[in-house]
Amino acid sequence: VQHIFSSNVVTTFNQSNFNVGGQTITVPGTYIVEQDITFASPGFAITINTSDVILDLGGQTINANGTGNGISINNTDNVTVRNGNIINTAGNAINV
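The rules behind the values
Residues numbered from 1 in each chain as written. Predicted model: local features only at pLDDT ≥ 70, side-chain atom pairs only at ≥ 80, totals over all residues. Heavy atoms only, no water. Pairing = 2+ DSSP bridges. Helix = DSSP H or I, 4+ residues; strand = E, 2+ residues; numbered from the N terminus. Axes fitted to C-alpha atoms, helices over the stretch in contact; angles between N-to-C directions.

Engineer: Please explain the sheet that holds strand β4 (residues 29-33) as it appears in this structure.
Structural biologist: Backbone-to-backbone hydrogen bonds join strands into a sheet, with any given pair of strands oriented parallel or antiparallel. The strand order across the open sheet formed by four strands is β2-β4-β7-β10, and the pairing between neighbours is parallel. Edge positions in the sheet fall to β2 (10-13) and β10 (79-82), since each has one partner strand and no second. Averaged over all pairs of adjacent strands, the angle between strand axes in this sheet comes to 15°, irrespective of strand direction. Taken together, the four bridges between strand β7 (residues 53-56) and β10 define a ladder with parallel strand orientation. Among the inter-strand pairings, I54 is bridged to a residue of β10, identified as T80.

Here's what the structure looks like:
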């Protein structure tokens, strides 16, 4: 799993971020999905392990291709997920 880090700036995701597995957000900030994502691995496309995160799907779709899941939000406060779709999950679109 790759880890995405941010320091009070906007971090963007595109398909190349997901070609080798899911992404883990460990630093507060704003994260934007710039294009439709196909995530065909077990586990979650995006895991949020910190508070004070805005995840803007940018009107895009996360397609879990029947094998993966969408977004996992773990033991956090003040997390917003907005503006997109999560489809074809093996289980959870959003797990809180």
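Now that the structure is up, let's keep going.
Engineer: Explain the sheet that holds strand β5 (residues 37-38) to me, please; I cannot follow it from the model alone.
Structural biologist: Taken in spatial order, the three strands of this open sheet run β5-β8-β11, and their pairing is parallel. Either end of the sheet is taken by a strand with one partner, and the two such strands are β5 and β11 (85-87). Here β5 runs beside strand β8 (residues 61-63); their pairing, made up of two bridges, is parallel. Bridge assignment links T38 to a residue of β8, and that residue is N63.

Engineer: Sorry, what's going on with the pairing of β7 here?
Structural biologist: Each regular strand carries side chains that alternate between the two faces of the sheet. Inspection of the sheet shows β4 paired to β7 by four bridges, in the parallel sense. Paired with I32 across the strands is D56, a residue of β7.

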